[in-house]
Amino acid sequence: MTIILSTAAILLLCAAAVWAIVYCSERMVEASAVLCPPTLVIDAGHGGFDGGAVSEDGTKESDINLSIALKLDSIVRFCGQKTVMTRLDDSRKTDILSYSEREDLRQRAELANRTENAVLISIHQNSFPTAQLKGAQVLYSSFGNSEKLGKRIQEQLVARLDPENRRLAAPAPSDLYLTSNARCPAVLVECGFMSNNFEVLKLKENGYQNALALVIAASYLEYISDNDLL
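Residues numbered from 1 in each chain as written. Predicted model: local features only at pLDDT ≥ 70, side-chain atom pairs only at ≥ 80, totals over all residues. Heavy atoms only, no water.

*Asks:* So, the sheet that holds strand β3 (residues 118–126): which residues are in play, and what are the values?
*Replies:* Overall, mixed pairing links the six strands, which are arranged β2-β1-β3-β6-β4-β5 in an open sheet. Taken across any chain shown, the strands that pair with only one partner, and hence form the sheet edges, are β2 (82–85) and β5 (170–171). The sheet contact formed by strand β4 (residues 137–140) and β5 spans two bridges and is parallel. Following the sheet pairing, Leu139 is matched in β5 by Ala170. Set on the sheet, helix α3 (residues 101–113) makes contact with β1 (39–44), β2 and β3; between it and β1 the angle comes to about 170 degrees. Contacts between helix α6 (residues 197–204) and the sheet are confined to β3 and β6 (186–193), with β6 contributing the most and set at about 115 degrees to the helix. (Pairing = 2+ DSSP bridges. Helix = DSSP H or I, 4+ residues; strand = E, 2+ residues; numbered from the N terminus. Contact = heavy atoms within 4.5 Å. Axes fitted to C-alpha atoms, helices over the stretch in contact; angles between N-to-C directions.)

Shown next, in the form of structure tokens:
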């Protein structure tokens, strides 16, 4: 049974990679003709003193977020699109005594707001008091076409990587600072649950992170193409 499940997982990852690479290749020529193309602002959630959720084995959410975000950045830039990242590593200019989560989030929102023609994708992981819950879910802001982007990413994450996932894209809660204060299309992608040990094993795998990044990248390209941004 274990071998069968592993084979199925590999096939899903390969299918996602082929689909995303083909879609990216088809859009590279089109991208060069755009006068004012969109810029994807990629936010690797948490970081520095703020590790976010921590799994049972000590893995920090912030590390997984950054790894997926860096892969997403590379893929989107390979496809000829502009990107900006809210952080490239775990460094912080302030010490732990002066660190403010709200100020950190404010700076990330401001980066998106001063970026011309921005689209924001924030990478996160979910958590819950019990270990049963699993599966990716996308939360979208009320600004612009955020709902279209959020639903597209959710549909593709399910179709390409986790057909058993019954979660749907949903409006972001008003207390989520980044999606509430970014004045551009914005989504927050909860890639999985840090509280589910089986899912954490997947989220730590380089191959699965690549697959997540590929699916999110191709969904973004579809979104900007459908909305005449590409």
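*Asks:* Provide a residue-level description of the pattern of salt bridges, including the pertinent values.
*Replies:* A full pass over the atoms with the stated rule returns nine salt bridges. Between Asp73 and Arg77 there is a salt bridge, with the nearest N and O atoms lying 2.9 Å from each other. Note that Asp73 and Arg77 are positioned in helix α2 (residues 61–78) at a spacing of four residues, about one turn of the helix. Residue Asp73 is classed as buried on the basis of its relative accessible area, which comes to 8%. With a closest N to O distance of 3.1 Å, Asp90 and Arg87 form a salt bridge. The class of Arg87 is buried, set by a relative accessible area of 4%. (Salt bridge = Lys/Arg side-chain N within 4 Å of Asp/Glu carboxyl O. Buried < 20%, exposed > 50% of the residue type's maximum accessible area, 1.4 Å probe, protein only.)

*Asks:* Provide a residue-level description of the environment of Arg114, including the pertinent values.
*Replies:* Its location among the elements puts Arg114 in the loop between α3 and β3. Sequence separation of Arg114 and Ala182 is 68 residues, and the distance between their C-alpha atoms is 9.8 Å.

*Asks:* An account of the side chain of Thr115 is requested, with residue identities and associated values reported.
*Replies:* With respect to the secondary-structure elements, Thr115 resides in the loop between α3 and β3. A polar contact of 2.7 Å, which involves the side chain of Thr115, links it to the backbone oxygen of Leu111. With residues up to four places along the chain from it excluded, the contact list for Thr115 reads Thr39 and Val41. (Polar contact = N/O pair within 3.5 Å; in protein donor to acceptor, adjacent residues only side chain to side chain.)

*Asks:* Give a description of α3 that names residues and reports values.
*Replies:* Between its first and last C-alpha, α3 extends 18 Å over 13 residues, near the 18 Å set by a 1.5 Å rise per residue. Inspection of α3 places Asp104, Arg108, Ala109, Leu111, Ala112 and Asn113 among the buried residues, and these make up the whole buried set. Close packing links the buried residues of α3 with β1, β2, β3 and α5 (177–181). (Expected span 1.5 Å × (residues − 1).)

*Asks:* A description of the pairing of β2 should follow, citing residues and the corresponding values.
*Replies:* Only one face of β2 is buried, namely the one carrying Thr83 and Met85, since none of Lys82 and Val84 on the opposite face is buried. Relative to β2, β1 runs parallel, the two sharing four bridges. Along β2, the bridge assignment pairs Ile42 with Met85.

*Asks:* Describe the packing of α6 against helix α7 (residues 206–226), listing the residues and the values that go with them.
*Replies:* As a packed pair, α6 and α7 sit with axes 5 Å apart at the nearest point and diverge in direction by 80 degrees. Overall, the two elements α6 and α7 adopt an arrangement that is roughly perpendicular. Here Lys202, Leu203 and Lys204 of α6 come into contact with α7, specifically with Asn206, Tyr208, Gln209 and Leu212. Among the residues forming the contact of α6 with α7, the class breakdown is three nonpolar, two polar and two charged. (Parallel < 35°, antiparallel > 145°, perpendicular 65-115°, else oblique. Nonpolar A, V, L, I, M, F, W, Y, C, P; charged D, E, K, R; others polar.)

*Asks:* So what about the confidence of the model for the protein chain? Which residues, and what values?
*Replies:* Detailed conclusions should not be drawn from predicted coordinates in areas where pLDDT is low. Averaged over every residue, the pLDDT of the protein chain is 88; the share at 70 or more is 80%. With pLDDT under 50 throughout, residues 1–5 is counted as low confidence; its partners more than four residues away or in other chains account for zero contacts. (pLDDT = per-residue confidence, 0-100.)

*Asks:* Go over the side chain of Gln137, please, and point to the residues and values.
*Replies:* Here Gln137 is to be found in strand β4. By relative accessible area, Gln137 is classed as buried at 18%. Looking at Gln137, its side chain comes within polar contact range of the main-chain oxygen of Leu168, at 2.8 Å. Setting aside residues no more than four positions away along its own chain, Gln137 makes contact with Gln154, Arg167, Leu168, Ala170, Leu188, Val189 and Glu190.

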